[in-house]
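Remarks on the overall topology
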Amino acid sequence: MLLYIHVPFCRSRCAYCSFYSSALSRGDEGRIQKYQDTLIAEIALWADRLGKERVETVFFGGGTPSLLSASAVALILTRIDRAFSLAGNAEISFEANPESFIASGYARDLRAAGITRLSLGVQSLNDAFLQRMGRVHSAKEAALAMQRARQAHFSSISVDCMWGLPGQKPDDWKRELKELSSLQPDHFSCYGLTLEETTPLAEAVRGGLALPSEQDQAAMYLEGIAYLESLGYLQYEISNFARKGFRCRHNLGYWQGREYLGLGPSAVSTIQNRRWSNIPDLAAWSEAVHNRALPEDIEELDRKARVLEYIMLRLRTTRGLSVKAYRKLTGRNFLKDNHIFLQALHNEDLIRIRGGFIQLTHTGMLVSNAIVARLFEAVEERLSDTEREKKVPA
Ligand code: SF4
């Protein structure tokens, strides 16, 4: 099982973000303490419900996990190990933001607490872009955080960065990547900016703030991939690149459809084909945990939902969609069912078919949402046909 822990605090809210978190103010230590106590209660609650499941990866995400003290992280990991069974070689990832990571000794203490993989939210090494996006750290702090991480000897260090920012040009992005790679991370997560409806950034764009043109965005994505791959960071998912041996096992688990338990407000879980979300509110989540309340609105993932998710997740990865696995899941031949559309995609150099896997090309990844949406329509129809055929009496 994969375990995700959502830490719902940030120093301040970034202009583009829609994740659940609240900005901390002075004297908020009590809120953090309450969160930690509730999280520990939630770990015990789920261990009672699920038994001593083997946990292969833990991912502290958020929000800003680096607002927790290293001793709190150590305690949480001890409780996870006690309640479940933490694999000896478990990957334990931790998202950190530069401004809350550079305090003397923090990186070393996190490493001693058991964190193996650090994911540093650098986002950009350009102070003007950082400010525009509402980030509270500077490029200098990001470089210092990276230095601290290296000195603490994490097994793997990843850098999160963003492209497609307002005012950004392909040359700016190339310069960014060059500077970021000089920090020598083991892994890159490079996300294209997506506008979330309710964010201040979306409001600013509605008010006239210009985003890069589609052509410039395509150039940033494709040239970024080429540059990272030339340095030995191989793409393994639409937005993720790693040196050999440094892929994120936790995120790979999501894309491979593994079961995961999410703890903390707003965290999502998928276990035994059932999916639910914790309440995205610190106080309400805390009350629910202390009342030992089961999550409401549990979604049963029927066969159709599982098949569509399989298509969507596997096409995100460079390994791609296995025709054999698809047949096992559906009893149908993916190539035959979709041959006209697949042929058109192939002619446009948007997919390749290799060793029984259908893979998006780099250009295909740029338009993956549109490709997946078309496949969903076709596959839903086929699956409904199969259901109908099954119901027809012989
Ligand atoms: S620090 Fe991360 S989680 Fe917090 S507001 Fe910014 S992007 Fe969102």
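What you see is a predicted model, and the numbers here were worked out from it, not measured in a lab. (Residues numbered from 1 in each chain as written. Predicted model: local features only at pLDDT ≥ 70, side-chain atom pairs only at ≥ 80, totals over all residues.)

Some details on the overall build of the chain
Along the chain, the regular secondary structure elements total 16 helices and 17 strands. The C-alpha radius of gyration computed for the chain amounts to 22 Å, which stays within 12% of the reference 21 Å derived for 394 residues, consistent with globular compactness. Each of the three principal axes of the chain carries a C-alpha extent, and together these read 70 × 55 × 45 Å. Put simply, the chain has 394 residues, and 35% of those count as buried. (Helix = DSSP H or I, 4+ residues; strand = E, 2+ residues; numbered from the N terminus. Rg over C-alpha atoms; globule rule 2.2 N^0.38 Å. Buried ≥ 20, exposed ≤ 12 C-beta atoms within 10 Å, placed from the backbone.)

Remarks on the site of the ligand
Every residue lining the ligand is accounted for by Cys10, Arg13, Cys14, Cys17, Phe19, Ser21, Gly62, Gly63, Thr64 and Asn97. Within the shell around the ligand, the residues separate by chemical class into four nonpolar, five polar and one charged. (Near = placed C-beta within 6 Å. Nonpolar A, V, L, I, M, F, W, Y, C, P; charged D, E, K, R; others polar.)

Brief notes about unusual backbone geometry
Looking along the chain, the bond that leaves glycine 62 and enters glycine 63 is cis, with omega of 20°. Of note, glycine 63 is situated in the loop between β4 (54-62) and α2 (70-83). Although it is not a glycine, histidine 153 adopts a positive phi angle of roughly 60°. With respect to the helices and strands, the residue histidine 153 is situated in the loop between α5 (139-151) and β7 (156-163). You can call histidine 153 exposed: it has 10 C-beta atoms within 10 Å. With phi around 55°, aspartate 297 is a residue other than glycine that occupies positive phi space. Along the polypeptide, aspartate 297 turns up in the loop between α10 (282-290) and β14 (299-300). With 8 C-beta atoms packed within 10 Å, aspartate 297 lands in the exposed category.

Side note on α10
Residue pairs three or four apart in sequence face the same way in an α-helix, which turns once every 3.6 residues. Listing the buried residues of α10 in full gives Leu282, Trp285, Ser286, Ala288 and Val289. Here the buried residues of α10 occupy an arc of 160° about the axis, which is enough to place them on one side. Exposed residues pointing more than 90 degrees away from the buried face of α10 are listed as Ala283 and Ala284. On its buried face, α10 sits against α1 (29-50). Just downstream of α10 lies arginine 292, where phi reads positive at about 55°. (Arc of directions from axis to C-beta. Contact = placed C-beta atoms within 7 Å.)

With respect to the nonpolar core
Where a protein is soluble and globular, its nonpolar side chains tend to be buried together. In this structure, Ile5, Val58, Ile80, Ile115, Leu118, Leu120 and Ala149 are the most contacted members of the largest nonpolar core, which totals 80 residues. Structurally, this core is a two-domain feature, drawing no fewer than three residues from each of domain 1 (2-255) and domain 2 (303-391). When sequence neighbours within four positions are dropped, the list of residues in contact with leucine 118 reads Phe94, Ala96, Ala149, Phe154, Ile157 and Ser158. (Core = buried A, V, L, I, M, F, W, Y, C linked by C-beta atoms within 7 Å. Domains from an automatic or database assignment.)

A closer look at the domain arrangement of the chain
Examined at the domain level, the chain breaks down into domain 1 (2-255) and domain 2 (303-391). Here the C-alpha centroids of domain 1 and domain 2 sit 30 Å apart. The interface of domain 1 with domain 2 comprises nine residues on the first partner and eight residues on the second. Elements with a minimum of two residues in the side of domain 1 that touches domain 2: α8 (214-230) and β9 (234-237).

Section: α2
The end-to-end C-alpha distance of α2 is 20 Å, a good match for the 20 Å that 14 residues give at a rise of 1.5 Å each. Of the surrounding secondary structure, the elements contacted by the buried residues of α2 are β1 (2-7), α1, β4, β5 (85-96) and α3 (106-113). (Expected span 1.5 Å × (residues − 1).)

Re the sheet that holds strand β16 (residues 351-354)
Ordered by their spatial adjacency, three strands build an open sheet running β15-β17-β16, and the pairing between neighbours is antiparallel. With partners counted over all chains shown, the strands left at the sheet margins are β15 (321-322) and β16, one partner each. Of the strand pairs in this sheet, β15 and strand β17 (residues 357-360) are connected by two bridges, and their pairing is antiparallel. Its bridge partner being in β17, serine 322 is matched across the sheet by phenylalanine 357. (Pairing = 2+ DSSP bridges.)

Details of the pairing of β16
Across four bridges, the pairing between β16 and β17 is antiparallel. Paired with arginine 354 across the bridge in β17 is phenylalanine 357. Taking the residues between adjacent antiparallel strands as the criterion, β16 and β17 are bridged by two residues, where glycine 355 takes a positive phi near 55°.

Overview of the environment of glycine 61
Positionally, glycine 61 belongs in strand β4. Separated by 32 residues in sequence, glycine 61 and serine 93 have C-alpha atoms that sit 8.3 Å apart. Non-local contacts of glycine 61, meaning those with residues more than four positions away in its chain, are made with Tyr4, His6 and Glu95.

Re the packing of helix α6 (residues 170-181) against α8
Running from N to C, α6 and α8 point in directions that differ by 25°, and their axes come no closer than 9 Å. One element, α6, and the other, α8, form an angle in the roughly parallel class. In terms of crossing hand, the pair formed by α6 and α8 is right-handed. Every residue of α8 that contacts α6 at Pro170, Trp173, Lys174 and Leu177 is listed here: Asp216, Ala219, Met220, Glu223, Gly224, Tyr227 and Leu228. Here the residues of the contact of α6 with α8 sort into seven nonpolar, one polar and three charged. (Axes fitted to C-alpha atoms, helices over the stretch in contact; angles between N-to-C directions. Parallel < 35°, antiparallel > 145°, perpendicular 65-115°, else oblique. Left-handed = near helix turned anticlockwise from the far one by under 90°.)

What about the packing of α1 against α10?
In helix packing, the relevant descriptors are the interaxial angle and the interaxial distance, both defined with respect to the helix axes. The interhelical angle for the contact between α1 and α10, taken along N-to-C directions, is 40°, at an axis separation of 9 Å. Compared by their axis directions, α1 and α10 come out oblique. As for how α1 packs across α10, the hand of that crossing is left-handed. Within the contact between the two elements, α1 uses Lys34, Tyr35, Thr38, Ala41, Glu42 and Leu45 and α10 uses Leu282, Ser286, Val289 and His290.

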